[in-house]
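Summary of structural features
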Amino acid sequence: MVSDARVVHGGKPVAENSSAVDSFGKIETRGIDRVPADERHGRPSELFAVWLSANAGYLYILLGGTLSVLGLSVPQAFAVLVAGSLFWGLVGLLAVSGPASGTPSEIVTRAVFGVRGNRVFGAGLGWLVAVIYEGINLALGALAAFSLLSTCGVHVGVTVKVIVTVLLGAVTFTLSLYGHATIVRFGTLFSAVLGACVLVLAGFVGRHATLHPAHFTPLGGHALWAAVLIGFSVIASAPLSWGSGADYARYLPEHSSPWKVAAWTAAGGFLPSVVLGGIGILAGSAVDMSDPQESMRVLVPAWFYTVFLGLIVVGTVANNVLTAYSSGLSLQAMGLRASRVRSIVIDAIIGGALCAYALLSSSFLTAVNNILLLTVAFLGPFMAVYATDILLRRNRYDGEALHDERPGAPFWYWRGFSPAGSAAMLIGTAAAALCLNTTLFVGPVAHALGGADLSSLVGPAVACLIYFFLAKNRLETRA
């Protein structure tokens, strides 16, 4: 351990920022650097509202509706929804590395992949996924805002669409710019508002729902299993996209209970996933959910439909705030020598471009599902090796050593790459790709199994086993 509490960036020692700000209403000045003990604050329970508000959005209604579109019955869809949402337990496990190290996930994963390897497999892929989701969420919010304005009698032309999309992006990236403390405070507010609206929405949808829709034709054999496994991968893709759990837990005191950190994080994501996904499933028993936003118009009173559209807008903003915050940290961890403010501006530009692409897509739902399924191929292995590393190390991380980027540093490994982490990631991703089933690509294993998509299971399992056997002896020797 370094006695004078100094960290190392690019081979040059830099004193920790003693004047760092993390308070509500002020721009957070700390980026990826380690949070010292005297700046730690908060309780694990505050993580529940952070994750609940970020996930109480339209995406889960869309995903639940997808299960109906795939041809699953209501009980089958609910079983798939709950099973896929269990991956939130993995997000909770990753979060415990935050208080232990005092650093975000984008830095903790240097222990898994090495300083240079992390720029590709850890922070690099994390940034890629974050900006993709930023584009999707911004597009979802913009589409809802367009409909909301139309119901209010406003003509939504090209100029209005551009203005609305820019305003949504400005609100999103401004909140993420203010950082951790502001996100935590707004998380409680968003959770209360969104939670109340969701309960009312569930009541309206429940009046039309049925367990035995007249139009339903049961699936059987290979067709049923193919639908179940594709649906499972689609649902699992949402929690698998949150490999940044430590980002929002790193300000907690080091002695914070790992069990509570994991439980509150997992619960905050699992609850809205199941409730909102369930609403999408029940809606699918009454209407065609190929276009969920328009289909919901039939199920709710006209006055509440405007509230529903507002729910989508607020929910997507809340989700994107966390996404943009983590993507900014990822850029810094990749080696970008810029402040968190500048990194967020860069993300805003790229996320806006992806949003424009999504809005111009001829089949938005199909495009979203393809993106989600393709990202599962590498997100599953990434989270598996990250979680395995936490368990092998017993969640013991030296936050100062993680910032040492010099050759020969504790996490430099071989030329900056960890052979164990790199091999596990590459082989796990390849295994998952062989099992993918999307409209863009069908892997040979999925083809041989009649369309069954096992990517969300095979990829993480293979990566976990490879990393365990390659890294176990190294870690035991150092211990």
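One can find the structure itself at the top, above this paragraph.
Residues numbered from 1 in each chain as written. Predicted model: local features only at pLDDT ≥ 70, side-chain atom pairs only at ≥ 80, totals over all residues. Heavy atoms only, no water.

The next thing to look at is the overall build of the chain. For the chain, the count of helices and strands is 20 helices and two strands. Going through the 479 residues of the chain one by one, you find that 59% of them count as buried. Taking all contacts inside the chain whose residues are at least 6 apart in sequence as the whole, residues at least 24 apart take part in 83%. Of the accessible surface of the chain, which amounts to about 18,700 Å², a share of 69% is contributed by carbon and sulfur atoms. (Helix = DSSP H or I, 4+ residues; strand = E, 2+ residues; numbered from the N terminus. Buried < 20%, exposed > 50% of the residue type's maximum accessible area, 1.4 Å probe, protein only. Contact = heavy atoms within 4.5 Å. Areas by Shrake-Rupley, 256 points an atom, 1.4 Å probe, with all protein chains shown as cover.)

Pairs can form between side chains of opposite charge whenever their charged atoms are close. Summed over the entire model, instances satisfying the criterion amount to five salt bridges. With a shortest N-O distance of 3.5 Å, Arg119 and Glu405 are connected by a salt bridge. Linking Arg119 in helix α8 (residues 115–151) with Glu405 in the loop between α17 (399–402) and α18 (419–434), this pair joins segments that are 286 residues apart in sequence. A salt bridge links Asp404 to Arg406; its shortest N-O distance comes to 2.7 Å. Classification of Asp404 by relative accessible area gives buried; the value is 9%. Accessibility expressed as a relative area gives 40% for Arg406, which makes it partly exposed. Overlapping salt bridges bring together Arg110, Arg119 and Glu405 as one network. (Salt bridge = Lys/Arg side-chain N within 4 Å of Asp/Glu carboxyl O.)

What follows concerns the packing of aromatic side chains. Tallying each qualifying case throughout the model produces 15 aromatic pairs. Between Phe87 and Phe232 the ring centres are 5.9 Å apart and the planes differ by 55°, which places this aromatic pair in the tilted class. Within this pair, whereas Phe87 is found in the loop between α3 (74–85) and α4 (88–95), its partner Phe232 is found in helix α11 (residues 221–240), the two being separated by 145 residues in sequence. Comparing Phe87 with Phe232, the two get one shared label, buried. A ring pair is formed by Phe411 and Tyr413, whose centres lie 6.3 Å apart and whose planes are at 70°; its orientation type is edge-to-face. Here Phe411 matches Tyr413 in class, with each residue buried. Each residue in the set Trp51, Trp88, Trp242, Tyr248 and Tyr325 is aromatic and connected to the rest through ring pairs, giving one cluster. (Phe/Tyr/Trp six-rings, centres within 6.5 Å; stacked < 30°, edge-to-face > 60°.)

On the surface, Val158, Val162 and Val166 cluster together into a nonpolar patch covering about 290 Å² of accessible area. As for its placement among the helices and strands, Val158 is situated in helix α9 (residues 158–178). (Patch = residues over 30% accessible without salt bridge, like charges linked within 9 Å, V, L, I, M, F, W, Y side chains within 5 Å.)

A few words now on the packing of helix α1 (residues 46–55) against helix α12 (residues 258–284). Two elements in contact, α1 and α12, have axes whose closest approach is 8 Å; the angle formed by their N-to-C orientations is 25°. By the angle between their directions, the pair α1 and α12 is classed as roughly parallel. Between α1 and α12 the crossing geometry is right-handed. Two secondary-structure elements touch here, α1 through Leu47, Phe48, Trp51, Leu52 and Asn55 and α12 through Val261, Trp264, Thr265, Ala267, Gly268, Gly269, Leu271, Pro272 and Leu276. Considered class by class, the residues forming the contact of α1 with α12 number 10 nonpolar, four polar and no charged. (Axes fitted to C-alpha atoms, helices over the stretch in contact; angles between N-to-C directions. Parallel < 35°, antiparallel > 145°, perpendicular 65-115°, else oblique. Left-handed = near helix turned anticlockwise from the far one by under 90°. Nonpolar A, V, L, I, M, F, W, Y, C, P; charged D, E, K, R; others polar.)

Considered for burial, the residues of α4 that qualify are Trp88, Val91, Gly92, Leu94 and Ala95. Buried residues of α4 fall within an arc of 160° about the axis and therefore sit on the same side. (Arc of directions from axis to C-beta.)

Further remarks concern the environment of Leu454. Position of Leu454 relative to the elements: it lies in the loop between α19 (444–448) and α20 (455–478). Along the chain, Leu454 and Ile230 lie 224 residues apart, while their C-alpha atoms are 7.9 Å from each other. Beyond its immediate sequence surroundings of up to four residues, Leu454 is in contact with Leu229, Cys435 and Leu449.

Moving on, we get to unusual backbone geometry. At Arg394, a position not held by glycine, the phi torsion is positive, near 55°. A relative accessible area of 62% means that Arg394 is categorised as exposed. Positive phi outside glycine occurs at Asn395, with the angle close to 60°. For Asn395, a relative accessible area of 15% translates into the label buried.

The subject of this paragraph is the packing of α4 against α12. The geometry of α4 relative to α12 is characterised by a closest axis approach of 7 Å and an angle of 150° between their N-to-C directions. Judged by the angle between their axes, α4 and α12 are roughly antiparallel. Between α4 and α12 the crossing geometry is right-handed. Contacts between α4 and α12 involve Trp88, Gly89, Val91, Gly92, Leu93 and Ala95 on the former and, on the latter, Val261, Ala262, Thr265, Ala266, Gly269, Phe270 and Ser273. A class-by-class count of the residues in the contact of α4 with α12 yields eight nonpolar, five polar and no charged.

This part covers the nonpolar core. Residues Trp51, Leu201, Met296 and Phe308 are the most contacted members of the largest nonpolar core, which totals 120 residues. In contact with Leu201, not counting residues within four places along its chain, are Ile61, Ile279, Met296, Val300, Phe304, Phe308 and Leu311. (Core = buried A, V, L, I, M, F, W, Y, C linked by side-chain atoms within 4.5 Å.)

To continue, consider the environment of Leu168. The residue Leu168 is located in helix α9 in this model. You can call Leu168 buried: its relative accessible area is 12%. For Leu168 and Ala145, which are 23 residues apart along the polypeptide, the C-alpha to C-alpha distance reads 9.0 Å. Apart from residues no more than four positions distant in its own chain, Leu168 is found in contact with Leu138, Gly141, Ala142, Ala145, Val313 and Val317.

The first and last C-alpha atoms of α11 sit 28 Å apart over 20 residues, in line with the 28 Å expected at 1.5 Å per residue. Counting buried positions along α11 yields 16 of 20 residues, so the element is predominantly enclosed. (Expected span 1.5 Å × (residues − 1).)

Another point: the side chain of Ser326. Tracing the sequence through the fold places Ser326 in helix α14 (residues 302–333). Once you skip the residues sitting within four places of it in the chain, Ser326 turns out to touch Glu106, Ser244, Asp247 and Tyr248.

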